[in-house]
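Listed below, chain by chain, are the residues.
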Amino acid sequence: MSEILLQIDGREVQAKEGMTLLEAARSVGIFIPTLCHHEKLEPYGACRICVVEADVGGKTSLVASCLYPVEKNLVVRTRSEKVDRARKMILELLLAHAPDSPKLQQLAQEYGADKNRFEREPSFCIHCGLCVRYCAEVKKANAIGFVDRGIRKEISFIPEIAAKECWNCKECFPLCPTEALQAAYVLVQALGFPSAPAKAASGK
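All of the points below concern the structure found in this document. All values derive from a computational prediction rather than experimental measurement. (Residues numbered from 1 in each chain as written. Predicted model: local features only at pLDDT ≥ 70, side-chain atom pairs only at ≥ 80, totals over all residues. Heavy atoms only, no water.)

**Quick look at the overall build of the chain**
- Scanning the chain from terminus to terminus reveals seven helices and seven strands.
- In the chain, the order of α-helices and β-strands from amino to carboxyl end is β-β-α-β-β-β-α-α-α-β-β-α-α-α.
- Within the chain, contacts between residues at least 6 apart in sequence are counted, and of these 50% link residues at least 24 apart.
- Total accessible area on the chain is roughly 11500 Å²; 51% of this is exposed by carbon and sulfur atoms. (Helix = DSSP H or I, 4+ residues; strand = E, 2+ residues; numbered from the N terminus. Contact = heavy atoms within 4.5 Å. Areas by Shrake-Rupley, 256 points an atom, 1.4 Å probe, with all protein chains shown as cover.)

Okay, structure coming up:
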C-alpha cells in the first residue's frame, strides 16, 4: 500500500492509501471532533462535526474528514474561521434536539455555540446512528433501528429481538452522545418486554 504525503495544520503527514483525513490526522495526534464516528464501524458522515477545510490545487472546500480520502499534496486545516463557523452552526442545530447533552455542551463551549438559537425540538436523539450501526455491524443483532423519516426520524428498539439480545449486552449505551438511547430502551422494555429483568434474574 503506497504512502501519500499531505499537509494537515501545517504539518507534513505520511498516510497510507485508503485512509481518511480523520484517520491521517489522528495518526499524528491532531484532534478532530466527532459524534458519529467509531473505529469499529464503517464511516457514516451523519453529524458533520468533523468537517475540515481541504485545499486541492488552490480550490478550497469543506469536507467531512471521516469520509474524505487522503490525497497527495492535499492541504488540510482542521481549525479555521470557516471550519469553526460550520461547526458552530451544526452544534446549534443539534442542541435544539439535545440541549442537555454534556458532550454537546462541551463542544458548544469550545465553538461558542448558542443552545437557544433554534427552536427546541427535544427528541434527544441527534441521529448519529452509532447504536443502530454498532448493533448491526459489530453485534450482528439488529435489535435497534431507525423508524420514520425526515424530522420524524427516531431510534427504536425492536421488542422481540431486544428482549433476547439487549438485557445482557447494552454495549451500545456508552456510545450514545445524548443518553437518548437509554431512555428509548427503558421505554420499550416497559412496553414490550416487561418480564425480561425477572427472567434474567432467575437465570431462565
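**Remarks on the pairing of strand S4 (residues 59–64)**
- Bridge analysis of strand S3 (residues 51–56) against S4 gives six bridges, and the strand direction is antiparallel. Bridge pairing in S4 links Val-56 to Lys-59.
- Here S3 folds back onto S4 in antiparallel fashion, the turn holding two residues, of which Gly-57 has a positive phi close to 60°. (Pairing = 2+ DSSP bridges.)

**Topic: the packing of aromatic side chains**
- All told, the structure shown has zero aromatic pairs when counted by the stated rule.
- In this structure, Lys-170 packs its charged tip against the face of Trp-167, placed 4.1 Å from the ring centre. (Phe/Tyr/Trp six-rings, centres within 6.5 Å; stacked < 30°, edge-to-face > 60°. Lys NZ or Arg CZ within 6 Å of the ring centre and 35° of its normal.)

**Some details on the side chain of Thr-34**
- Tracing the backbone through its elements, the reader meets Thr-34 in the loop between helix H1 (21–27) and S3.
- Residue Thr-34 is classed as buried on the basis of its relative accessible area of 14%.
- A distance of 3.4 Å separates a polar atom in the side chain of Thr-34 from a polar atom in the side chain of Arg-26.
- Not counting residues up to four positions away in its chain, the partners in contact with Thr-34 are Leu-22, Arg-26, Ile-49, Cys-50 and Lys-103. (Buried < 20%, exposed > 50% of the residue type's maximum accessible area, 1.4 Å probe, protein only. Polar contact = N/O pair within 3.5 Å; in protein donor to acceptor, adjacent residues only side chain to side chain.)

Nothing here speaks to function; it is geometry throughout.
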